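Here is how the chains run, residue by residue.
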Amino acid sequence: MHPALARLIEESGTIAVLTGAGISTESGIPDFRSPGGIWSRYRIIEYGEFMASETARLEDWRRRFDMEDQLGQVRPNRGHLAIARLLAEGRCPAVITQNIDGLHQESGVPDDKVVEIHGNARHALCTRCGLRHEIAECRAMLEKTGRPPACRACGGIVKSAVVMFGQMMPEAAFARAVRLAEGCDLFIAVGTSLVVHPAASLPIHALRNHTRLAIVNREPTEFDELAELVLNGEIGELLG
Ligand code: APR
């Protein structure tokens with residue numbers, strides 16, 4: 001681990017960690033806003049369009065199945081493992097993540113210590129009754145009928161369990177993330193451009209409580225001048 005970050009961690013009591021897509025790129029999953037990232041390849045499908053258009057649902061499911069195939073082959077990397085160690089050592093009560101890939105859980109962090117503020121792509125939910133559906137059954141339904149998956153219980157529209165633009169974030173998860181940010185002595189943002197709100201407001205919640213802020217990211221962010229430590233480089237190197 002970079003010595004300056006190790007020293008900050010050493011000096012701190014409780015640590016809060018917020019991760020973004022940048023922590024998963026070394027596992028082979030593209031992030032969103034780097035050159036070649038997801039938003040340079042796919043147009044954003046917002047929640048309203050998904051719910052209104054069968055064509056949009058078919059396109060979104062095509063992307064989800066591609067992602068599920070990719071996630072089946074990827075493994076957590078040194079960045080995930082370093083964060084898992086922080087939790088295992090009791091320094092960090094839970095990791096707040098914007099990621100939907102489930103790699104923090106795969107790195108050994110218990111489910112209840114991963115605060116997924118943008119949901120999770122590894123399963124789907126009925127938008128009417130909330131019933132959980134597995135990605136494999138959604139794929140089987142679409143391959144059988146050529147139509148987007150419908151809830152096996154109520155016939156409602158089934159959607160990946162991720163938070164889409166235009167959709168409310170999971171209130172309980174975000175409230176927990178705010179408590180973690182407000183209750184820590186050191187807030188570390190890892191692999192996020194900090195451009196999407198309200199996730200990007202979490203460092204502000206921490207700073208209001210005179211918490212120390214560290215940012216570990218390849219590119220600069222607009223929060224850098226508020227941070228006590230900014231490490232620009234590869235996460236695996238800096239955290240590993
Ligand atoms: N090491 C260090 N930094 C990296 C690495 C790496 N190996 N790979 C990428 N990065 C950095 C990029 O430079 C970028 O600044 O990680 C950041 C990732 O930023 P984004 O692609 O914007 O991802 P994120 O911040 O997680 O996006 C937030 O936007 O589209 C929505 O819901 C989506 O959760 C996502 C949210």
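Above this text sits the structure in question.
The rules behind the values
Residues numbered from 1 in each chain as written. Predicted model: local features only at pLDDT ≥ 70, side-chain atom pairs only at ≥ 80, totals over all residues. Heavy atoms only, no water. Helix = DSSP H or I, 4+ residues; strand = E, 2+ residues; numbered from the N terminus. Rg over C-alpha atoms; globule rule 2.2 N^0.38 Å. Buried < 20%, exposed > 50% of the residue type's maximum accessible area, 1.4 Å probe, protein only. Contact = heavy atoms within 4.5 Å. Areas by Shrake-Rupley, 256 points an atom, 1.4 Å probe, with all protein chains shown as cover. Lys, Arg positive; Asp, Glu negative; His and termini not counted. Charge placed at Lys NZ, Arg CZ, Asp CG, Glu CD. Pairing = 2+ DSSP bridges. Right-handed = clockwise from strand over helix to strand, strands pointing away. Near = heavy atom within 4 Å. Polar contact = N/O pair within 3.5 Å; in protein donor to acceptor, adjacent residues only side chain to side chain. Domains from an automatic or database assignment. Phe/Tyr/Trp six-rings, centres within 6.5 Å; stacked < 30°, edge-to-face > 60°. Core = buried A, V, L, I, M, F, W, Y, C linked by side-chain atoms within 4.5 Å.

(A) Broad picture of the overall build of the chain. Regarding its fold elements, the chain presents 10 helices and 9 strands. For 240 residues, the compact-globule estimate of 2.2 N^0.38 gives 18 Å, and the C-alpha radius of gyration of the chain, at 18 Å, lies within 12% of that figure. Each of the three principal axes of the chain carries a C-alpha extent, and together these read 60 × 30 × 30 Å. Split into buried and exposed, the 240 residues of the chain put 51% on the buried side. Long-range pairs, those at least 24 residues apart, make up 66% of the contacts in the chain between residues at least 6 apart in sequence. When the accessible surface of the chain is split by element, carbon and sulfur atoms take 53% of a total near 11000 Å². In the chain, the 26 positive side-chain charges and the 31 negative ones have mean positions that sit 5 Å from each other.

(B) Summary view of the pairing of strand 7 (residues 186–190). Counting buried positions along strand 7 gives 5 out of 5 residues, so the element sits mostly inside the fold. Side-chain alternation along strand 7 places Leu186, Ile188 and Val190 on one buried face and Phe187 and Ala189 on a second face that is also buried. Note: strand 1 (residues 15–19) against strand 7, 5 bridges, orientation parallel. If you follow Ile15 over to strand 7, its bridge partner there is Leu186. Sheet topology places strand 7 next to strand 8 (residues 212–217); 5 bridges connect them, and they run parallel. Its bridge partner lying in strand 8, Leu186 is registered against Arg212. You can see the chain leave strand 7, run along helix 9 (residues 202–208) and come back into strand 8, and the turn it takes is right-handed.

(C) Spotlight on the site of the ligand. The environment of the ligand is formed by 23 residues, the closest being Ala21, Arg33, His118, Thr192 and Ser193. Within the backbone of Gly191, an N or O atom sits 3.4 Å from an oxygen atom of the ligand. Backbone polar atom of Gly233 to a nitrogen atom of the ligand: 3.5 Å apart, as the coordinates give it. Protein contacts shield 96% of the accessible area of the ligand, which totals 730 Å² for the unbound molecule. Shared between two domains, the shell around the ligand holds at least three residues of each, these being domain 1 (1–28 + 76–118 + 168–240) and domain 2 (30–73 + 119–162).

(D) Up close: the side chain of His80. Examined against the element boundaries, His80 turns out to sit in helix 5 (residues 78–88). Overall, the relative accessible area of 0% leaves His80 in the buried class.

(E) Focus on the packing of aromatic side chains. Taken as a whole and assessed by the stated rule, the structure comprises 3 aromatic pairs. Taking 5.4 Å as the distance between ring centres and 35° as the angle between the ring planes, the aromatic pair formed by Phe32 and Trp39 counts as tilted. Residue Phe32 is classed as partly exposed on the basis of its relative accessible area of 28%. Residue classification places Trp39 among the partly exposed positions, given a relative accessible area of 29%. Taken together, the ring pairs connect Phe32, Trp39 and Phe165 into an aromatic cluster.

(F) View of the nonpolar core. Within the largest apolar cluster, 26 residues are counted, with the highest numbers of intra-cluster contacts made by Leu5, Ile15, Val17, Ile188, Val190, Val216 and Leu239. In terms of residues, this core owes the most to one element, helix 5, which gives 5 residues. When neighbours within four sequence positions are excluded, Leu239 is seen to be in contact with Met1, Leu5, Gly79, Ala82, Ile83, Arg85, Val190 and Val216. Ranked by size, the runner-up nonpolar core spans 25 residues in total, among them Ala16, Ala173, Leu213 and Ile215.

By themselves, these observations are geometric and do not establish any function.
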